[in-house]
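Observations on the three-dimensional arrangement
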Amino acid sequence: MGVLMSRKQQVEKVQKCSVVVSAFKDGLKDRPTPAAQTEEVIAENGDESADGSQQANKEHTEQKDKDSKAGSLPNQQASAPPREDYKANQEAWGRLRDGKGVEPEDLKKAHQLIPPAFVRPKREVNDDQPVDVPLGQREQPINDEMCEVCEVWTADDLFPCRTCTRVFHDGCLREMGYLSTEALQEMRETAHTTTGWSCYYCDNVNLLLTEEEMYSLVETFKQCKIIPESCLVSDELLQYRHFVTKQLFERDLTDEEEEEVLAQFAALDPEKKGQIEWSDFLYHESLSVLQKFRTENSLVRILTAKERDRARAIFQSIDQDKDGIITAGEARKAQTSWFHKINKESQSCNVSISHVGPISESSPASSSSERSRDKAMENDNRPVTWNNFLRESAIYILAARPNSSAMHIRLPL
């Protein structure tokens, strides 16, 4: 009887192995690899079950080859890319959909903390309804007391986010793999200053997109043959804009629109490297999706208490007579001020909310045409209330979240 039971167990294990291989074919990637299953079956069941597992492994390999060929782009069918490149691109698209950044190669994965699982937001029923945000009542949110990662309190060793109330240890952020050595140094220098630092939740504005909005963006990237996690030069950005305009409006870009695209490129390349970083391009396009699919009321609902307090401070500093009204020119000037970076030497460590000011004329995002336009807008005396100011400024406030010096939302010419 014991021999019969042992034989039965072997058969059941081979059947389980076949079920897992079938799951792989259906796209369920959370299962162990067939190779790992083969080794497990060999160790537990002997040569007979291993033969069945090896056959299943062979079937999976053949199916994977077919899927890779089927997923190739039309212009790549003649010369398919190496399998390593295909796998890297697939992993990059997966990180993009899941809201994860590039994993630094120098991290030792065995000692790395487990990153949190990001859950994309969902639109609520009342998402587009007006939001009552009083002007005279400051919210002054209090930062958390314990590190978001390890949940340990160590006082001065915690670094706060300028956007939300989370605080972090620099060592925990390093172990998480979200910040490189250079980014960690910048965080240590700015987190306690007036400029502040955005945590990995708030820095990545792509995480504000819903599943549907993210699907729309990813499909556009794929159709335009944008390679994920790669830098873009000006010609690639122009080609991308031509494609999107053709898809949406069935026409080509005009000369003025091409000039605008090049100006956007300059705003996303403040250090004039001749290329824009993938994160800057991704965040800019994510904000464009928010502008396209969301109402101003919906964007106001995304703002945190710190961001609302900062908007109040700016509006009240402009509203000198305290009548609750400023001019449209003053409002537009304030909106461009969200992207201003203060000289680090002049920062005070006693201020927890980021200070903002107008973009200087020497800024890479400033041009002669923009300066002329800004002067013209200063003469716009149309009255703007606090509620209107907050709604119109919401997209600019969100665009100022990333730690990058690139200007993610640029006022149209």
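Rules used in this analysis
Residues numbered from 1 in each chain as written. Predicted model: local features only at pLDDT ≥ 70, side-chain atom pairs only at ≥ 80, totals over all residues. Heavy atoms only, no water. Helix = DSSP H or I, 4+ residues; strand = E, 2+ residues; numbered from the N terminus. Buried < 20%, exposed > 50% of the residue type's maximum accessible area, 1.4 Å probe, protein only. Polar contact = N/O pair within 3.5 Å; in protein donor to acceptor, adjacent residues only side chain to side chain. Phe/Tyr/Trp six-rings, centres within 6.5 Å; stacked < 30°, edge-to-face > 60°. Arc of directions from axis to C-beta. Contact = heavy atoms within 4.5 Å. Expected span 1.5 Å × (residues − 1). pLDDT = per-residue confidence, 0-100. Salt bridge = Lys/Arg side-chain N within 4 Å of Asp/Glu carboxyl O.

Let us look at the overall build of the chain. If you tally the helices and strands in the chain, you get 16 helices and four strands. The 413 residues of the chain split such that 40% are buried.

Turning our eyes to something else, we now look at the side chain of R308. Turning to its location among the elements, R308 is positioned in helix α13 (residues 305–318). Residue classification places R308 among the buried residues on the basis of a relative accessible area of 17%. At a separation of 2.8 Å, a polar atom in the side chain of R308 contacts the main-chain carbonyl oxygen of L303.

What follows concerns the environment of M407. One can find M407 in the segment after α16 (386–399). Between the C-alpha atom of M407 and that of A267, which follows or precedes it by 140 residues, the distance is 5.3 Å.

This part is about the packing of aromatic side chains. The way to describe two aromatic rings as a pair is by their centre distance and the angle between their planes. One pass over the structure, following the stated rule, counts 11 aromatic pairs. Here F221 and Y240 contribute two aromatic rings whose centre-to-centre distance is 6.0 Å and whose plane-to-plane angle is 50°, an arrangement assigned as tilted. Linking F221 in helix α8 (residues 211–223) with Y240 in helix α9 (residues 234–249), this pair joins segments that are 19 residues apart in sequence. Pair check on accessibility: F221 and Y240 agree, each one buried. Pairing W386 with F389 gives two aromatic rings, centres 6.3 Å apart and planes at 35°, and the pair type is tilted. Taken as a pair, W386 and F389 lie in helix α16 at a separation of three residues, close to a single helical turn. A single burial state applies to W386 and to F389, both of which are buried. Linked through ring pairs, F168, W197, Y200 and Y201 together constitute an aromatic cluster.

Each turn of an α-helix holds 3.6 residues, which means side chains three or four residues apart point in the same direction. Turning to helix α6 (residues 181–190), its buried residues number three or more, namely L184, M187 and T190. Seen from one end, α6 has its buried residues packed into an arc of 140°, which puts them on one side. Exposed and facing more than 90 degrees away from the buried side of α6 are T181 and E182. Residues of α6 that are buried in the fold lie against β1 (158–160) and α5 (170–176).

Moving on, we come to α9. In this model α9 runs 22 Å from its N-terminal to its C-terminal C-alpha over 16 residues, within 8% of the 22 Å that 1.5 Å per residue would give. Every buried residue of α9 is accounted for by L237, L238, Y240, R241 and T245. In an axial view of α9, the angular spread of the buried residues amounts to 160°, which keeps them on one side of the axis. Counted as exposed and oriented over 90 degrees from the buried face of α9: D235 and Q239. Of the surrounding elements, those touching the buried residues of α9 are α8, α10 (255–268) and α11 (278–293).

Should pLDDT be low for a region, the predicted coordinates there are not to be read in detail. Looking at the chain as a whole, its pLDDT mean stands at 75, while 64% of the residues score no less than 70. Considering each helix and strand of the chain separately, the mean pLDDT is smallest for helix α2 (residues 34–45), with a value of 43, and largest for helix α12 (residues 296–302), with 96. Note on residues 342–366: pLDDT is under 50 here. Beyond four places in sequence and across chains, it has 49 contacts.

Here the structure, examined in full by the defined rule, presents 14 salt bridges. A salt bridge links R188 to D170, with the nearest nitrogen and oxygen atoms 2.8 Å apart. One end of the pair, R188, is in helix α6; the other, D170, is in helix α5, with 18 residues separating them in the sequence. Since its relative accessible area comes to 36%, R188 is described here as partly exposed. Look at D170 and you get partly exposed, because its relative accessible area is 22%. Between R241 and E285 there is a salt bridge, with the nearest N and O atoms lying 2.7 Å from each other. Of this pair, R241 sits in helix α9 while E285 sits in helix α11, and the two are 44 residues apart along the sequence. Each member of the pair, R241 as well as E285, carries the same accessibility label: buried. Here the residues in one salt-bridge network are R138, E139, R308, D309 and R312, joined through shared partners.

Right, let's get into the environment of S393. Within the fold, S393 resides in helix α16. According to the relative accessible area criterion, S393 is buried, its value standing at 0%. Residues S393 and L299, spaced 94 residues apart in sequence, show a C-alpha to C-alpha distance of 9.4 Å. When sequence neighbours within four positions are dropped, the list of residues in contact with S393 reads Q335 and W338.

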